[in-house]
Amino acid sequence: MLRIWQDGLPGLFIVGLAVFVWLSARGFPPLPEGYPGPGLFPQVIALLLGGAGVGLVFQSMRGRDVPRAPEFALDRHALRALAISCFSAVFLLVVHALGIGAATAVACFAIGLLLRVRWPTAGIAAAVAGILVHLLFAGLLAVT
Amino acid sequence: MSLLSWQGALALLLGALYGTVFGAIPGLTATLAVALFIPVAFFLDPAIALPAIVAISSVAIYAGDVGAAIARIPGTPASAAYANELYRLSLSKGPLYGLGISALGSATGGLLGTAVLAGAATVLAAVATRFSSFEYFWVAALGLTAGVFASGKRPLRAFVSLMLGLLLSTVGVDPTLGYARFHFGNPTLIGGLDYIVVMIGLFGFSEVLAHTWPGRRNFPNANGAAAANQWRFFFRAPLRLIARAKALVARSSFLGILVGLLPGAGADIGAWIACSFQKMTRKTAPQDEQVVLAGASSNNAAVASAWVPALSLGLPGDTVTAMVLAVFMMKGVTPGPMLFEQDMPLIWSLYGTFIVANLLLLPSFGFLSARLATLALRLPFNLLISVIAVVCMVGAYAINNNPFDVWVMVSMGLVALMLKRHGFPLAQVVLGMVLGPILEQHFMVSAIKSNWNLLSFFERPIAILLMVATIGTVLAGIRIVRRRAG
């Protein structure tokens, strides 16, 4: 029963998403004379998504076509993945203060250390990446 | 000046080099590369500017496959159609082989597209003008349907991914009526989600995150093929494959040419239809080589055929040709039937450029970029991951100079991890995002102009043909999925 619950969870989530989209799209204004307006397309998608979600739940109950992906377990590796994601905040903070080249170097160095790259190697890679990004993006493309 | 001058040759070489760099970096696209070149092109003779633009776009479209081969980060939505297969090929047989198939397949498709451009431009352009919003709607529907069955054995999950992509495409201003949807009060979201940013997150950043788990640590093998082997992997083996799969290449190129002819349709649909067709028409699961070959040849065939409506009618086939038309106008060159009478040297120069770009530049710069990619794979694994992570952040930020795009990219990476965990394919999300606005806009325009008489979708002959093709794709796909499951 627990397995069915776990396997059916994506389907239930999708049904929930479909309901949310449907309800949100109902608030969009129609065209004159009552014809469908900007809400039509999202509502059609919501209907199809909801149907697909129900289909996934039925598939899980029948034990059919349920892929397993145990390698993405919620363990310390997941924390590391989350930490890498959070470094995007560091990148954005530095890019405003020091420019895109420096932000690249800082983010590259920090993520390298997080992934246990030896600090001299991470430092050299960060410096090279920062310089190249500065030349291409800041110099040529005027990204600031 | 002409292609045969040293200036023309230099323009080709520099254009190809520039296109290779741009195409290979996530976040930088062929369109951006051409857009940055346009201010320079204004000051050049058209006989020099046009070859450079052709070289940039032809090579950059292929170069988007480099990221897919080494890290599963496709450079364009069309590359996303076969990114998984290309990555698997790189893992099993090395990136040189996969990229060789992509480069030489692209070159072959490009040559076939050029042949069509040279032989039948004005005739085919007349066909393209018969496409109205009704036909465009069915073309988009056909592309989406092909995407559902391109994933293999799990069409329901592919359908969900496609719907998620369509849903993401509804964020922002409605393409027909201008109403802002799903922005939740955030002014940045009123502009919608950039599909390039989403693609970097779904493919690139999610791969970075996935590789933090030890069981996922696999990158293509870079270890030393000798120089002679490199040539064999990149040139000889793929050429043998192309020689054996002539029908596949011709069919896929034909599909790409058809789609490229349609103004505004883009190469993406052609690559998806070609890859899906290849997956659906085999009794057993197709080889990865064949899927990559189908997608790559369709891709570059569309690049060439997009010039057909541009030259013959002044209607841009894609964003690149739209910019080229601007150059034409600046230079006092008027596209249309008279162009073929009044300025044939320019036209011949253009044809010659396509031939040189596909015959010489694509294979040589393709080999160069593949070698450089192989060298990059010699870096320590964790260092490579950290560099790719930062490239994803930089690429996402640089597109619009907007910090919000970095958050979107990271969020999409996390969403992609969840999707992968539960067996949902990712490429269909991008397909839905790209085709969603086309599908919705043409549906709404058609419905409004026919006063919501939905039967009008089934009245025009070409629309009926496309509808039949769409239904046929669904039925064939269901049959094949059942056969493979049973």
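Criteria and thresholds
Residues numbered from 1 in each chain as written. Chains lettered and ligands numbered in written order. Predicted model: local features only at pLDDT ≥ 70, side-chain atom pairs only at ≥ 80, totals over all residues. Heavy atoms only, no water. Helix = DSSP H or I, 4+ residues; strand = E, 2+ residues; numbered from the N terminus. Buried < 20%, exposed > 50% of the residue type's maximum accessible area, 1.4 Å probe, protein only. Salt bridge = Lys/Arg side-chain N within 4 Å of Asp/Glu carboxyl O. Contact = heavy atoms within 4.5 Å. Buried area = accessible area lost by both parts, 1.4 Å probe. Polar contact = N/O pair within 3.5 Å; in protein donor to acceptor, adjacent residues only side chain to side chain. Nonpolar A, V, L, I, M, F, W, Y, C, P; charged D, E, K, R; others polar.

Student: Just to check I follow, could you spell out unusual backbone geometry for this structure?
Tutor: Across residues other than glycine, the phi torsion is negative in most instances, and most of the peptide bonds are trans. Residues and elements named next belong to chain B. A positive phi is found at N401, a non-glycine position, where the angle reads about 55°. Tracing the chain through its elements places N401 in the loop between helix 18 (381–400) and helix 19 (403–421). A relative accessible area of 32% places N401 in the partly exposed class. The backbone of N451 shows a phi angle near 60°, a positive value even though the residue is not glycine. Inspection of the secondary structure puts N451 in the loop between helix 20 (427–449) and helix 21 (461–485). Here N451 falls in the exposed class, since its relative accessible area comes to 55%.

Student: In this structure, what is going on with the pattern of salt bridges? I would like to understand it.
Tutor: A side chain with one charge may pair with a side chain of the opposite charge, provided their charged atoms come close. All names here are of chain B. Enumeration according to the criterion identifies seven salt bridges over all chains in this entry. Here E85 ties to R88 by a salt bridge, and the two come within 3.9 Å at their closest N and O atoms. In this pair, E85 and R88 are both assigned in helix 5 (residues 83–93), three residues apart and thus about one turn of the helix distant. Judged by relative accessible area, E85 falls into the buried class, the value being 7%. K420 is the salt-bridge partner of E207, the closest N and O atoms lying 2.8 Å from each other.

Student: What am I meant to see in the interface of chain B and chain A here?
Tutor: Accessible area lost on assembly of the parts is the figure often given for the size of an interface. Across the contact, 60 residues belong to chain B and 62 residues belong to chain A. Together chain B and chain A conceal approximately 5,500 Å² of surface at their shared face, both sides included; 81% is due to carbon and sulfur atoms. Linking chain B to chain A there are zero salt bridges. Scanning the region where chain B abuts chain A turns up two residue pairs in polar contact (both at pLDDT 80 or more). Elements with a contribution of two residues or more to the side of chain B that touches chain A: helix 8 (155–169), helix 9 (195–210), helix 18, helix 19 and helix 20 of chain B. Partitioning the side of chain B that touches chain A into residue classes produces 42 nonpolar, nine polar and nine charged.

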